[in-house]
Amino acid sequence: MADQIITREAVRQVLRDYWLQYRTYLRWALPGFLLPAVGTIFVFFIPPLIVARVINVFVKQGTVSLGAVKNYIILFAVLWLLGELLWRIGMHYIIKLEAKGYSNLGRLSFRRVIARDYEFYTENFVGSLTKKGLAFSRSFEIFTDTLNFNVISDLIPMLFALVVLWRYSPWIPLLLIVALTTVVGVTLPIIRR
């Protein structure tokens with residue numbers, strides 16, 4: 001059996017196939033990727049800003065009355081609930097996208113395997129071809145979850161934080177951007193290796 005080497009072209013082909021699923025089902029991909037990120041902002045980033053506003057009211061007045069902070073409490077609760085709701089709606093769309101992509105990619109891998117010549121089958125164990133075909137479509141779900149939960153759901157709130165911090169001092173976001181750029185610049189060669 002020939003050694004299995006993963007080439008750059010093979011990785012590019014897989015990424016093209018996955019990207020095609022996102023483009024084909026854009027009506028599910030966009031809300032699926034964006035709503036959880038916006039929900040994260042409403043759940044984790046806006047509530048501390050509201051609490052900071054309540055503290056500012058306390059510092060100004062010396063005491064906090066329910067009448068003075070009632071609107072902040074309501075805003076806190078509504079935005080938190082909205083953030084949780086956006087997460088749930090986004091997850092619904094992600095699940096639909098992954099199910100449809102899994103199905104389409106399974107059929108695509110089957111068509112590609114069938115299109116191969118006899119020599120291909122003599123060099124590859126048929127059971128391993130089945131396993132690889134299933135792994136191709138199953139990896140779409142893993143890739144989508146990683147993209148959604150580890151990249152987009154962190155990137156959009158990070159941009160929100162940069163905008164908020166910019167209001168206080170432009171140096172803070174600039175230092176963060178320089179630090180992130182340095183980390184990415186150091187890790188990319190390591191990842192490629």
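Residues numbered from 1 in each chain as written. Predicted model: local features only at pLDDT ≥ 70, side-chain atom pairs only at ≥ 80, totals over all residues. Heavy atoms only, no water.

Q: Describe the pattern of salt bridges, listing the residues and the values that go with them.
A: With the rule as written, the count across this model stands at 4 salt bridges. Ionic pairing is found between Arg-138 and Glu-141, a salt bridge with its closest N-O pair at 2.2 Å. With Arg-138 and Glu-141 both in helix H5 (residues 126-168) and 3 residues apart, this pair spans about one turn of that helix. What makes Arg-138 partly exposed here is its relative accessible area of 40%. (Salt bridge = Lys/Arg side-chain N within 4 Å of Asp/Glu carboxyl O. Helix = DSSP H or I, 4+ residues; strand = E, 2+ residues; numbered from the N terminus. Buried < 20%, exposed > 50% of the residue type's maximum accessible area, 1.4 Å probe, protein only.)

Q: Pulling in residues and values, what's your account of the environment of Val-178?
A: Structurally, Val-178 is set in helix H6 (residues 171-192). Sequence spacing of Val-178 and Arg-8 is 170 residues, and the spatial spacing of their C-alpha atoms is 30 Å.

Q: Lay out the packing of helix H1 (residues 8-24) against helix H2 (residues 26-61) in plain terms, naming residues and giving numbers.
A: The interhelical angle for the contact between H1 and H2, taken along N-to-C directions, is 95°, at an axis separation of 5 Å. If you check the angle between H1 and H2, you find them roughly perpendicular. Contacts from Tyr-22, Arg-23 and Thr-24 in H1 reach Leu-26, Ala-29 and Phe-33 in H2. Split by residue class, the contact of H1 with H2 holds 4 nonpolar, 1 polar and 1 charged. (Axes fitted to C-alpha atoms, helices over the stretch in contact; angles between N-to-C directions. Parallel < 35°, antiparallel > 145°, perpendicular 65-115°, else oblique. Contact = heavy atoms within 4.5 Å. Nonpolar A, V, L, I, M, F, W, Y, C, P; charged D, E, K, R; others polar.)

Q: Lay out a positive patch on the surface in plain terms, naming residues and giving numbers.
A: Together, Arg-27, Lys-96, Lys-100, Arg-107 and Arg-111 line one region of the surface with positive charge. Ranked by the residues each element gives to the positive patch, the list is headed by helix H3 (residues 66-114), at 4 residues. (Patch = residues over 30% accessible without salt bridge, like charges linked within 9 Å, V, L, I, M, F, W, Y side chains within 5 Å. Areas by Shrake-Rupley, 256 points an atom, 1.4 Å probe, with all protein chains shown as cover. Lys, Arg positive; Asp, Glu negative; His and termini not counted. Charge placed at Lys NZ, Arg CZ, Asp CG, Glu CD.)

Q: Can you lay out the side chain of Ser-153 for me, pointing to particular residues and giving the numbers?
A: Looking at where Ser-153 falls in the secondary structure, it is placed in helix H5. In this structure the side chain of Ser-153 is engaged in a polar contact, spanning 2.9 Å, whose partner is the backbone oxygen of Asn-148. Apart from residues no more than four positions distant in its own chain, Ser-153 is found in contact with Pro-36, Ala-37, Thr-40, Trp-87 and Asn-148. (Polar contact = N/O pair within 3.5 Å; in protein donor to acceptor, adjacent residues only side chain to side chain.)

Q: Explain the packing of aromatic side chains residue by residue, including any values.
A: The relative placement of two aromatic rings is captured by the distance of their centres and the angle of their planes. Applying the stated rule across the entire model yields 10 aromatic pairs. Judged by centre distance (5.9 Å) and plane angle (25°), the rings of Tyr-18 and Phe-136 are stacked. In this pair, Tyr-18 is assigned in helix H1 and Phe-136 in helix H5, connecting sequence segments 118 residues apart. Overall, Tyr-18 belongs to the buried group, its relative accessible area being 3%. Seen in terms of ring centroids, Trp-19 and Tyr-22 are 6.5 Å apart; in terms of plane orientation they differ by 75°. Their pairing is edge-to-face. Residue Trp-19 and its partner Tyr-22 are located together in helix H1, separated by 3 residues, close to a single helical turn. Overall, Trp-19 belongs to the exposed group, its relative accessible area being 52%. Among the aromatic residues, those joined into a cluster by ring pairs are Tyr-18, Trp-19, Tyr-22, Phe-33, Phe-136, Phe-140 and Phe-143. (Phe/Tyr/Trp six-rings, centres within 6.5 Å; stacked < 30°, edge-to-face > 60°.)

Q: A description of a nonpolar patch on the surface should follow, citing residues and the corresponding values.
A: Nonpolar side chains collect at one region of the surface, where Val-51, Ile-55, Phe-58, Val-59 and Val-64 lie side by side and expose about 440 Å² of accessible area between them. Tracing the backbone shows Ile-55 in helix H2.

Q: Describe the side chain of Ser-109, listing the residues and the values that go with them.
A: Assignment of secondary structure puts Ser-109 in helix H3. Look at Ser-109 and you get buried, because its relative accessible area is 10%. At 2.9 Å, the side chain of Ser-109 and the backbone oxygen of Gly-106 are in polar contact.

Q: Explain the nonpolar core to me, using residue names and the numbers behind them.
A: In terms of nonpolar packing, the biggest core is built from 14 residues, with Tyr-22, Phe-33, Leu-97, Leu-105 and Phe-140 touching the most fellow members. Listed by contribution, the elements that provide at least two residues to this core are H1, H2, H3 and H5. If you look at the next biggest cluster of nonpolar residues, it comprises 6 residues, including Ile-41, Phe-42, Ile-46 and Leu-86. (Core = buried A, V, L, I, M, F, W, Y, C linked by side-chain atoms within 4.5 Å.)

Everything listed here is a matter of coordinates, which is why it stays silent on function.
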